[in-house]
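# Per-entry structural report
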Amino acid sequence: FTPTLSTLWSKLLTRRHFVLTTSSFSLLLPSALSHSVCPSSSITAKTSSFDIAKTSSLPASKHSTDMSLQTGYLNARDAAALDAELMSTPGFSLEQLMELAGLAVAEAVYLVGGEGGGGGRKKRVLLVCGPGNNGGDGLVAARHLVHFGFDATIVYPKPSSKPHFVNLVKQCEDMNIPVLLAMPSEVDAEQNKYDIIVDAIFGFSFDSTSKIREPFATVISKMIQLQKNQNATLISVDVPSGWDVDGGDLTGLNFHPDVLISLTAPKMSAKKFLGRHFVGGRFLPPVIAEKYGVQVSC
Ligand SMILES: NC(=O)C1=CN([C@@H]2O[C@H](COP(=O)(O)OP(=O)(O)OC[C@H]3O[C@@H](n4cnc5c(N)ncnc54)[C@H](O)[C@@H]3O)[C@@H](O)[C@H]2O)[C@H](O)CC1
Ligand SMILES: [K+]
């Protein structure tokens, strides 16, 4: 089964949960994928409608004098502050925000991965999820990707005991998505080739002042191997894992995703990213978008 974009949309629009999320994304038209997930300037000119470089023309933010805010990029501190503000003033719940983030990730994977793998098989996606909310985005994305016609497998080495995460895992298991505690071995991965790897290990709360703790140091090096040996497309959620959120790959980790999907706004380290770049989760109320210098429309 390889749905066209229009059959995919009509299928999705019949699902209640999707109709609910579409209202926050304004996703009622077939062109909606390119609306909710904006390709950034580093994507090909043909499809690029949101040029991050142009956001430097935004008015200076009233939030602080930090120069990063005048360019539309968020530093780690402001990314966390914006998140906290969304949950306090307009009262978005974490569950809402994570669902929007994960759906945007799934859409970007769909835009990058296309519809089917070779020989009529579904495309295989390995979603590698970390211990925090970045990992939660990956769990949500896995569920949506199955609805989009992908074959998804989750690696979740340190499952959270928080009720929402327990529920997200259950929701994935109910969709027959395997949830593994460790990365597949090279042999397993050879037999079950993954077309796409989603890096949802660390986001804007990664602490680059301490070494990457296990099991994630090993997990990241295995992702690099899969990218290289299997020619899998590596897609990072919000920040390439192991990169300093502001400074990029400061430790010479050599982790270079092919695609980055920034959530809400690119983080400072995205300036160092050379691959294909999307901005998703662009649902900010204008008052908050303006305060943080974030451009929400394409
Ligand atoms: N509005 C939005 O944009 C939303 C973004 N979301 C996503 O949430 C992450 C940020 O999530 P948070 O829980 O704050 O943290 P992280 O997932 O980045 O990781 C914290 C996790 O990592 C561990 N850790 C930190 N440093 C290290 C290290 N050196 N070695 C090993 N482990 C480390 C730490 O202990 C924690 O367990 C954001 O990027 C988005 O992806 C939300 O979905 C909500 C909306
Ligand atoms: K990540």
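One structure accompanies this document, and this report is about it. (Residues numbered from 1 in each chain as written. Chains lettered and ligands numbered in written order. Predicted model: local features only at pLDDT ≥ 70, side-chain atom pairs only at ≥ 80, totals over all residues. Heavy atoms only, no water.)

## Structural notes on the coordination of the potassium ion (ligand 2)
In an ideal octahedron of six donors the angles at the metal are 90 or 180 degrees, and in an ideal tetrahedron of four donors they are 109.5 degrees. Around the potassium ion (ligand 2), the donor atoms from the protein are N134 (OD1), D199 (O), F202 (O), V237 (O), V239 (O) and S241 (OG), and they sit 2.6 to 3.1 Å away. Note that the potassium ion (ligand 2) binds 6 donor atoms; their angles at the metal cover 73 to 168°, and the shape is irregular. Donor residues binding the potassium ion (ligand 2) come from one chain and are separated in sequence as N-x64-D-x2-F-x34-V-x1-V-x1-S. With a gap of 42 residues between them, D199 in strand β5 (residues 196-200) and S241 in the loop between β6 (233-237) and β7 (259-263) connect regions that are remote in the sequence. (Donors = N, O, S within 2.8 Å, 3.2 Å for Na, K, Ca; no water. Tetrahedral: all angles 85-135°; square planar, octahedral: opposite > 155°, others 65-115°. Helix = DSSP H or I, 4+ residues; strand = E, 2+ residues; numbered from the N terminus.)

## Looking at the pairing of β6
The buried fraction of β6 amounts to 4 of the 5 residues, a majority that puts the element mostly inside the structure. Examined bridge by bridge, β5 and β6 share 4 bridges and lie parallel to one another. Across the sheet, residue I196 finds its bridge partner in β6, namely T233. On the question of chirality, the crossover connecting β5 to the parallel β6 by way of helix α9 (residues 216-229) is right-handed. Of the pairings in the sheet, the one linking β6 to β7 comprises 3 bridges and is parallel in character. What sits directly across from I235, in β7, is V259. (Buried < 20%, exposed > 50% of the residue type's maximum accessible area, 1.4 Å probe, protein only. Pairing = 2+ DSSP bridges. Right-handed = clockwise from strand over helix to strand, strands pointing away.)

## Details of the environment of Q295
Locating Q295 in the fold gives a position in the segment after α10 (286-291). Separated by 14 residues in sequence, Q295 and G281 have C-alpha atoms that sit 11 Å apart.

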